[in-house]
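Coordinate analysis (summary)
This is what each chain is made of:
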Amino acid sequence: MNEPEIYLKNVTKKYLRQPALENISFQLKGSGVYGVLGENGSGKTTLLKLIAGLLRPSSGTVKVMHRPVSRLSSKDIAYLSDADSLYSFQSAQQLIHFWEKVAPDFSKDKAFSMIRELNLDVNMKIKNLSKGNRARLKLVIALSRQVPVLVMDEPLSGLDPLVREDILKLIVMNADVEQQLLILSTHEVSEVEAFLDHVIFMKDGKCILEENAEVLREQKGQSLVATMREVLA
Amino acid sequence: MGLTFDNNRPIYLQLMEYLYGQICRTDLKPGEKLPSVRELAVKVGVNPNTVSRTYMEMERKDIVVSKRGQGTFVTEDITVIQELRKKIADDKIGDFILMMNQIGLKNEEILQLMEQKMASRKEEEE
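Residues numbered from 1 in each chain as written. Chains lettered and ligands numbered in written order. Predicted model: local features only at pLDDT ≥ 70, side-chain atom pairs only at ≥ 80, totals over all residues. Heavy atoms only, no water.

Of the regular secondary structure elements, chain B holds five helices and two strands. Starting at the N terminus and walking to the C terminus, you meet the elements of chain B as α-α-α-β-β-α-α. On C-alpha atoms alone, chain B measures out to a radius of gyration of 18 Å, which is more than a quarter above the 14 Å that the 2.2 N^0.38 rule sets for 126 residues. Taking the principal axes of its C-alpha atoms as reference, chain B extends roughly 55 × 35 × 30 Å. Partitioning the contacts of chain B with sequence separation of at least 6, the portion at a separation of at least 24 is 50%. Split by element, the accessible area of chain B, about 8,400 Å² in all, is 52% carbon and sulfur. Within chain B, the 21 negative side-chain charges are centred at a point lying 7 Å from the centre of the 19 positive side-chain charges. (Helix = DSSP H or I, 4+ residues; strand = E, 2+ residues; numbered from the N terminus. Rg over C-alpha atoms; globule rule 2.2 N^0.38 Å. Contact = heavy atoms within 4.5 Å. Areas by Shrake-Rupley, 256 points an atom, 1.4 Å probe, with all protein chains shown as cover. Lys, Arg positive; Asp, Glu negative; His and termini not counted. Charge placed at Lys NZ, Arg CZ, Asp CG, Glu CD.)

Here you go:
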């Protein structure tokens, strides 16, 4: 796998005339966990969708792995949606077989071993799974893809604290953070604090701060939560 | 595992202090293998890259040795560990004396208080 890279230059995105992102430029290079942090409506989802090639910028360039992003970029990118993205009539087993056919890089073995670890019933229909288990299953699919870039939109939202902890563990255990670039958005900053290598703070469609998490703690002598309060205030 | 992080300080440093503690107490013996990066990351709830950085820093200071393809091991050189213990103790005692001076205690008073405390602790143990 090549070294993962995401590159944005002067990216603006408008929905009709309403700007969602304004003139964003940054470059993320190398593996690790990147957190996109910001309030609701700050543009986190729009940013992630642009990176994943699910939206086109109104102006500017988005490149992933040195190529402008298009629908074909999905071969390099796994995207975990905030929305309920599973077919409710499938079972976990059917879902995995489906993904094996759709994505050439999908590792069926990895998926099944994660399912076993989680004690999920592979034959149960997805519509009968609990919300926490649906979230876990979605994550299993994303983590089973052997791609350089993983994009996760709010993997923790709407889940109880125990499940959130469990999900973070699942990510740490199964994402290959020495090889893959994982970018995730969240507002549970205190919970992901210890897991992030790098943070991107968003406010009103702008990227206000992009920095290494340990460098921030070292320089400011305060937690990411405190830094977030400071820069987003 | 008794490890909670103070999010105001770099996590790799806190993890390093924690492991130094284990090494100095010989919970991790000289020459013993440290847990793998991923294992420790999951156990303490941090990013594997943070653990890698901790291991790298400890290797730079010769406290651990990494062997290609085998993992990371505590140094077998006991003098290095003794030095480490001495240095940590020295730092902590320095901090302690500074703090006591800040609340207006003179050095003789600190010594006296320490002796009293040690004596009463010994009694409790007996």
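The next subject is a nonpolar patch on the surface. On the surface, a cluster of nonpolar side chains totalling about 400 Å² of accessible area is made up of A:Tyr87, A:Phe89, A:Phe98 and A:Val102. Turning to its location among the elements, A:Tyr87 is positioned in the loop between β6 (77-80) and α2 (92-102). (Patch = residues over 30% accessible without salt bridge, like charges linked within 9 Å, V, L, I, M, F, W, Y side chains within 5 Å. Salt bridge = Lys/Arg side-chain N within 4 Å of Asp/Glu carboxyl O.)

Another aspect to go through is the pattern of salt bridges. For side chains of opposite charge, pairing can occur when their charged atoms come near one another. Applying the stated rule across the entire model yields 18 salt bridges over all chains. For the salt bridge of A:Asp105 with A:Arg145, the shortest nitrogen-to-oxygen distance reads 3.0 Å. Of this pair, A:Asp105 sits in the loop between α2 and α3 (108-117) while A:Arg145 is found in the loop between α4 (131-143) and β7 (149-153), placing the two residues 40 residues apart along the sequence. For the residue pair A:Asp105 and A:Arg145, the accessibility class agrees, reading buried in each case. Notably, a salt bridge pairs B:Glu17 with B:Arg9, separated by 2.9 Å at the nearest N-O pair. Owing to a relative accessible area of 32%, B:Arg9 belongs among the partly exposed residues under this scheme. Here the salt bridges do not stand alone but share partners, grouping A:Arg67, A:Lys75 and A:Asp76 into one network. (Buried < 20%, exposed > 50% of the residue type's maximum accessible area, 1.4 Å probe, protein only.)

Quick look at the side chain of B:Gln14 now. Residue and element names in this part refer to chain B. Inspection of the secondary structure assignment puts Gln14 in helix α1 (residues 11-24). Relative accessible area serves as the criterion here: at 8%, Gln14 is assigned to the buried category. Contact partners of Gln14, with chain neighbours within four places excluded, come to Thr4, Phe5, Asp6 and Arg9.

If you look at the interface, chain B gives 19 residues, while chain A gives 23 residues. Summing both partners gives a buried area of about 1,700 Å² for chain B against chain A, and 49% of it is carried by carbon and sulfur. Taken as a group, B:Asn7, B:Arg38 and B:Val42 account for 33% of the area that chain B buries against chain A, more than any other trio of residues on that side. Put simply, chain B and chain A have two salt bridges between them. For A:Asp176, the salt bridge is made with B:Arg38, and the minimal N-O distance between the two is 3.7 Å. Taken together, the links from chain B to chain A amount to twelve residue pairs in polar contact (both at pLDDT 80 or more). Top element by residues in the side of chain B that touches chain A is helix α3 (residues 48-60) of chain B. It accounts for five residues. Considered class by class, the residues forming the side of chain B that touches chain A number nine nonpolar, seven polar and three charged. (Buried area = accessible area lost by both parts, 1.4 Å probe. Polar contact = N/O pair within 3.5 Å; in protein donor to acceptor, adjacent residues only side chain to side chain. Nonpolar A, V, L, I, M, F, W, Y, C, P; charged D, E, K, R; others polar.)

Turning our attention to the sheet that holds strand β2 (residues 18-29) of chain A. On the basis of which strands lie adjacent, the open sheet formed by four strands has the order β2-β1-β4-β5 (chain A) and antiparallel pairing. Edge positions in the sheet fall to β2 and β5 (67-68) of chain A, since each has one partner strand and no second. (Pairing = 2+ DSSP bridges.)

The subject of this paragraph is unusual backbone geometry. Residues and elements named next belong to chain A. In the Ramachandran plot, Asn23 falls in the positive-phi region, its phi being about 50° despite a non-glycine side chain. On the basis of relative accessible area, Asn23 is assigned to the exposed category, the value being 52%. With phi around 50°, Glu154 is a residue other than glycine that occupies positive phi space. Here Glu154 is to be found in the loop between β7 and α5 (161-174).

All names here are of chain A. Along the polypeptide, Ser185 turns up in strand β8 (residues 181-186). Once the C-alpha coordinates of Ser185 and Gly43 are considered, the two residues, 142 residues apart in sequence, prove to be 10 Å apart. For Ser185, the residues in contact, after removing those within four places along its chain, are Val36, Lys44, Leu48, Met152, Asp153, Glu154 and Pro155.

Residues and elements named next belong to chain B. Entries for chain B in the domain assignment read domain 1 (11-76) and domain 2 (79-125). Its C-alpha centre places domain 1 at a distance of 28 Å from the equivalent point of domain 2. Taken residue by residue, the interface counts eight residues in domain 1 and five residues in domain 2. In this assembly, domain 1 packs against domain 2 so that about 620 Å² is buried in total across both faces, 84% of it on carbon and sulfur atoms. Put simply, domain 1 and domain 2 have zero salt bridges between them. Applying the counting rule to domain 1 against domain 2 returns one residue pair in polar contact (both at pLDDT 80 or more). (Domains from an automatic or database assignment.)

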